[in-house]
Amino acid sequence: MPSQLILFTNYRSSAAWRVRIALNLKGLAYESKTIDLQTWNGEAASEAKSLNPAGRIPVLIHDGRVLTESLAIVEYIDEMFEGPKLLPTDPVARANARAVALHVACGIQPLQIVRTTKRVDEIAGVGKGAEWNAYWIKRGLEELEEIVKKTAGKYSVGDSVTIGDVVIPSILYNARRWKVNLSPLSTLLSIEKNLNVLPAFIAAAPEQQPDAPKK
Ligand SMILES: N[C@@H](CCC(=O)N[C@@H](CS)C(=O)NCC(=O)O)C(=O)O
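The structure contained in this document is the topic of the report that follows. Computed from a predicted model, the values in this text were never measured in an experiment.

With that settled, the discussion passes to the site of the ligand. Lining the immediate surroundings of the ligand are 15 residues, of which S13, I57, E69, S70 and R115 lie closest. For the ligand, an oxygen atom lies 2.6 Å from a polar atom in the side chain of S70. Protein contacts shield 90% of the accessible area of the ligand, which totals 510 Å² for the unbound molecule. For the shell around the ligand, the secondary structure elements donating two or more residues are α1 (14–25) and α5 (114–124). Ranked by residue count, the leading element in the shell around the ligand is α1, at 3 residues. Partitioning the shell around the ligand into residue classes produces 7 nonpolar, 4 polar and 4 charged.

Okay, structure coming up:
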């Protein structure tokens, strides 16, 4: 019997986007339960909150097992299912791939999630959250550009897709949303271009998701 996979997601959630890419790379079908990140209203949102005490998505349910934290989920998927390996077998490449993923997931993304933006607006004034987001994404991506210059081939670490690559499309998407000029980040843009032609990445993009606004 095939595994049952349920993903609590939002079309624009960068953390859920990483998990969608990993599921797609392994060729796994899954059910999406979508959540409005601004309101957290509705049945799926209540369910996600009860499953994850941190009140965040993604949450993945695999045959009844509840998993949280996008990078932990990506590693779980990599270990549990057949298909291309996202964690390289070479220890140096594996450490480098994890470093890229952690730089984005710990060093940039938490500074610009909805709850952070809202809090900055509350403390500093409406509109300041957007300024804050743009500052930290720009700075974090400039740092990431230097990191990947040392490790990139076709992708962020060498010429195979790794866990480092699952974090890249969403953070660049967010940067564009906050109007960061990406043109100096040529290595990251080249990696993104190479990723954007892969079917797993195309299917994980926001516009392909069931809760994406209709054009
Ligand atoms: N470290 C977590 C971060 C998860 C996270 O921040 N998710 C966002 C959506 S991208 C969220 O649920 N935000 C709700 C909020 O900020 O209240 C992970 O990688 O899974």
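Right, let's talk about the pairing of strand β4 (residues 65–68) for a bit. Of the pairings in the sheet, the one linking strand β3 (residues 59–62) to β4 comprises 4 bridges and is antiparallel in character. Residue pairing across strands places V59 opposite T68, the latter belonging to β4. Where β3 hands over to β4, the hairpin turn is made up of 2 residues, of which D63 adopts a positive phi near 45°.

Under the counting rule described, the total for this entry stands at 9 salt bridges. For K138, the salt bridge is made with E142, and the minimal N-O distance between the two is 2.8 Å. Linking K138 with E142, this pair stays in helix α6 (residues 128–151), spanning 4 residues, or about one helical turn. The class for K138 is partly exposed, based on a relative accessible area of 41%.

Before going further, it helps to spend a moment on the layout of surface pockets. Considered as a void within the structure, the largest pocket measures approximately 950 Å³ in volume. If you go around the largest pocket, you meet 36 residues; those closest to its centre are L37, Q109, I113, V114 and R115. If you list the elements that add at least two residues to the lining of the largest pocket, you get α1, α3 (70–80), α4 (91–107), α5 and α8 (168–177). The biggest single contributor to the lining of the largest pocket is α5, with 4 residues. Taken together, the residues of the lining of the largest pocket sort by class into 15 nonpolar, 12 polar and 9 charged.

If you look at the biggest cluster of nonpolar residues, it comprises 50 residues, and the most contacted ones within it are L23, L60, I77, L141, I163, V167 and I168. Each of domain 1 (5–84 + 201–208) and domain 2 (91–198) accounts for three or more of the residues forming this core. In this view, I163 contacts L71, V74, E75, L86, L87, A97, R98 and A101; residues no more than four positions away in its chain are not counted. Among the nonpolar cores identified, the runner-up in size contains 10 residues, and I6, W40, V59 and I61 belong to it.

Of all 5 residues making up strand β1 (residues 5–9), 5 are buried, and the element is well covered by its neighbours. Two strands pair when backbone bridges link them, and β1 and β3 are joined in this way by 4 bridges, in the antiparallel orientation. Paired with L7 across the strands is L60, a residue of β3. At this point the chain moves from β1, through α1, to the parallel strand β2 (residues 31–34), and the crossover so formed is right-handed.

The next thing to look at is α8. Counting buried residues in α8 gives 7 out of 10 residues, a clear majority hidden from the surface. Of the surrounding secondary structure, the elements contacted by the buried residues of α8 are α1, α4, α6, α7 (163–166), α9 (186–195) and α10 (199–204). Just downstream of α8, K179 is the residue with a positive phi angle, here 60°.

Cut-offs and rules
Residues numbered from 1 in each chain as written. Predicted model: local features only at pLDDT ≥ 70, side-chain atom pairs only at ≥ 80, totals over all residues. Heavy atoms only, no water. Near = heavy atom within 4 Å. Polar contact = N/O pair within 3.5 Å; in protein donor to acceptor, adjacent residues only side chain to side chain. Areas by Shrake-Rupley, 256 points an atom, 1.4 Å probe, with all protein chains shown as cover. Helix = DSSP H or I, 4+ residues; strand = E, 2+ residues; numbered from the N terminus. Nonpolar A, V, L, I, M, F, W, Y, C, P; charged D, E, K, R; others polar. Pairing = 2+ DSSP bridges. Salt bridge = Lys/Arg side-chain N within 4 Å of Asp/Glu carboxyl O. Buried < 20%, exposed > 50% of the residue type's maximum accessible area, 1.4 Å probe, protein only. 1 Å grid on protein atoms, 1.4 Å probe; cavity = no way out; pocket = protein on both sides within 12 Å on 5 of 7 lines; lining within 4 Å. Points joined across faces, edges and corners; volume = space filled by probe spheres on them. Core = buried A, V, L, I, M, F, W, Y, C linked by side-chain atoms within 4.5 Å. Domains from an automatic or database assignment. Contact = heavy atoms within 4.5 Å. Right-handed = clockwise from strand over helix to strand, strands pointing away.

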